[in-house]
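# Reading the structure
Residue-level listing of the chains:
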Amino acid sequence: MVSIVKAEESNGMQLFEKLIEYAEAERLVLENTSPMLKESLPLMEARGLALAEDIEARFDSPPFDNSAVDGYAVRGRDTEAGKIFEVVDEAPAGRPSAKSVGEGEAIKIFTGGVIPDGADAVVMVEDTSGWGGTFEIGKEVPVENNIRRSGEDVREGDLMLRAGTEIGPYEVALAASQGYGELPVHRRPKVVVLSTGTELVEPGERELSPGEIFDSNSFAMVAQCHDAGAEARRIHAASDDAEVLRKAVEEALETADVVVTSGGVSVGEKDLVKSTLLDLGVEQVFWGVKFKPGKPLFFGMREDVRFFGLPGNPVSAMVCFELFVRPALMKMMGRSDHRRPTVEVHFDEDISNRFGRMHAVRVSLEKTEDGLLAKSVGAQGSGLITSLTKADAIALIGPESEVKAGETVEAIVLRDF
Ligand code: AMP
Ligand code: MG
């Protein structure tokens, strides 16, 4: 194992101009991407995007004092067990009563109904003799009982939601409660995804011939884009023929904010992606990262288009997407949380990394009394897609490090565990 890694490394050193550190690559990606233009979108379309501006409360909410229960609005000081009340009107939600509550009087009220003048408490119907023209109260109720005061949720002018916040169901509810029909967001980036490789066949289309495999990367990457909230479209996989590749990349560059390719970006003779891109005027920011799996990662830009050339090995492509493409998409959407959540984890055995590159180890996580215990999902080969279907997180083991059993390292959480 070690000798293969060394050979690969020394080979790489000759052919890659310069391998940069993982953190440097992440920094360069983020520094070279910026939030998309702002637009206003209807509430339902804004879901999953980030707020482009702070949102203030337009008025006190709830806008009026109202009842928290079904019952009777009364004067608290009139209440005492056994007392009889006369019902003078009713105040269902949406139809305030014009009458006011005097001594010994009550107004029938339902949840959300406006508290009538004169009343300062609501007694639940369960604490009375029941519905009718008169009723007997079962107990004394304090002033303010079951009253929801105007402004107790938000006050006019309050900063309700900060720019950068992801708009989820609860943010939609808060905005709607304040009458916002649209919200200011950053446009979703349009991603074009392209797999390269003469060996690739569309899944579901036909059987494989010898030497062929089904294209999985482009489907994975579209799913990863959607997961991040970006729009994505895949172009039918391109062969390793230079002309076919060039046409496909040209088409992608014309319509996309972000182009993501997989395969053909390493140092083999059929690896034409990088030279094709440079020919088409894409400026290289970096090519080659001290990262495993995913050393040949390419990142470049042409005007407003960002270009990621991910390696072809499925795990490399998907892990590089998580760690480099996803943060860029998040930043473009104005999200303040570029990365997935991270946690501190430990192993119950010593872990060593002699690859000289940051190793993204796929792990399962288990909650223990000593914190989160990470366990390797098993073989970590860059072609083993099951290493990702089994993983809860990606533990980052720094270059050349020896992590002792019990020592903590950072892990990027991929799913609930
Ligand atoms: P490459 O980076 O093009 O040299 O590809 C590295 C490995 O990943 C090869 O075994 C390819 O067959 C495989 N591979 C490349 N593209 C895909 C893809 N879209 N889906 C699945 N495997 C792929
Ligand atoms: Mg290839």
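Note that the structure is a prediction, hence the values are computed from the model and not measured. (Residues numbered from 1 in each chain as written. Chains lettered and ligands numbered in written order. Predicted model: local features only at pLDDT ≥ 70, side-chain atom pairs only at ≥ 80, totals over all residues. Heavy atoms only, no water.)

Bringing helix α4 (residues 169–177) into the picture now. Looking at α4, one finds that the buried residues are Glu171, Val172, Leu174 and Ala175. Around the axis of α4, the buried residues are gathered within 165° of arc, so they sit on the same side. Those residues of α4 that are buried lie in contact with α3 (43–46), β11 (159–161) and β12 (182–186). Glycine 179 sits one or two positions beyond α4 and adopts a positive phi of about 80°. (Buried < 20%, exposed > 50% of the residue type's maximum accessible area, 1.4 Å probe, protein only. Helix = DSSP H or I, 4+ residues; strand = E, 2+ residues; numbered from the N terminus. Arc of directions from axis to C-beta. Contact = heavy atoms within 4.5 Å.)

Close contacts around ligand 1 come from 15 residues, with Ser195, Glu199, Asp215, Gly264 and Gly312 the closest. Within the side chain of serine 195, one N or O atom sits 3.1 Å away from a nitrogen atom of ligand 1. Residue aspartate 215 places a side-chain N or O atom 2.8 Å away from a nitrogen atom belonging to ligand 1. Going through the elements one at a time, β13 (190–196) and β15 (213–214) are the ones with two or more residues in the shell around ligand 1. Residue composition of the shell around ligand 1, grouped by class: four nonpolar, nine polar and two charged. (Near = heavy atom within 4 Å. Polar contact = N/O pair within 3.5 Å; in protein donor to acceptor, adjacent residues only side chain to side chain. Nonpolar A, V, L, I, M, F, W, Y, C, P; charged D, E, K, R; others polar.)

Each assigned domain of the protein is listed here: domain 1 (20–36 + 188–332), domain 2 (39–60 + 161–186), domain 3 (66–148) and domain 4 (342–413). Computed over C-alpha atoms only, the centres of domain 1 and domain 2 are separated by 32 Å. On the side of domain 2, four residues touch domain 1, which itself brings four residues to the contact. Contact between domain 1 and domain 2 buries roughly 380 Å² in total, counting both sides, with carbon and sulfur atoms accounting for 43%. Applying the counting criterion to the domain 1 and domain 2 interface returns zero salt bridges. For the pair domain 1 and domain 2, the number of links is four residue pairs in polar contact (both at pLDDT 80 or more). Of the residues assigned to the side of domain 1 that touches domain 2, the class counts are three nonpolar, no polar and one charged. (Domains from an automatic or database assignment. Buried area = accessible area lost by both parts, 1.4 Å probe. Salt bridge = Lys/Arg side-chain N within 4 Å of Asp/Glu carboxyl O.)

Across all of its chains, the model carries 26 salt bridges by this definition. Here aspartate 257 and arginine 187 are joined by a salt bridge, their closest N and O atoms 3.4 Å apart. With aspartate 257 in the loop between α6 (242–255) and β17 (258–262) and arginine 187 in the loop between β12 and β13, this residue pair connects regions lying 70 residues apart in the sequence. For the salt bridge of arginine 335 with aspartate 337, the shortest nitrogen-to-oxygen distance reads 2.9 Å. Because the salt bridges share partners, they merge into one network encompassing Glu24, Arg27 and Glu31.

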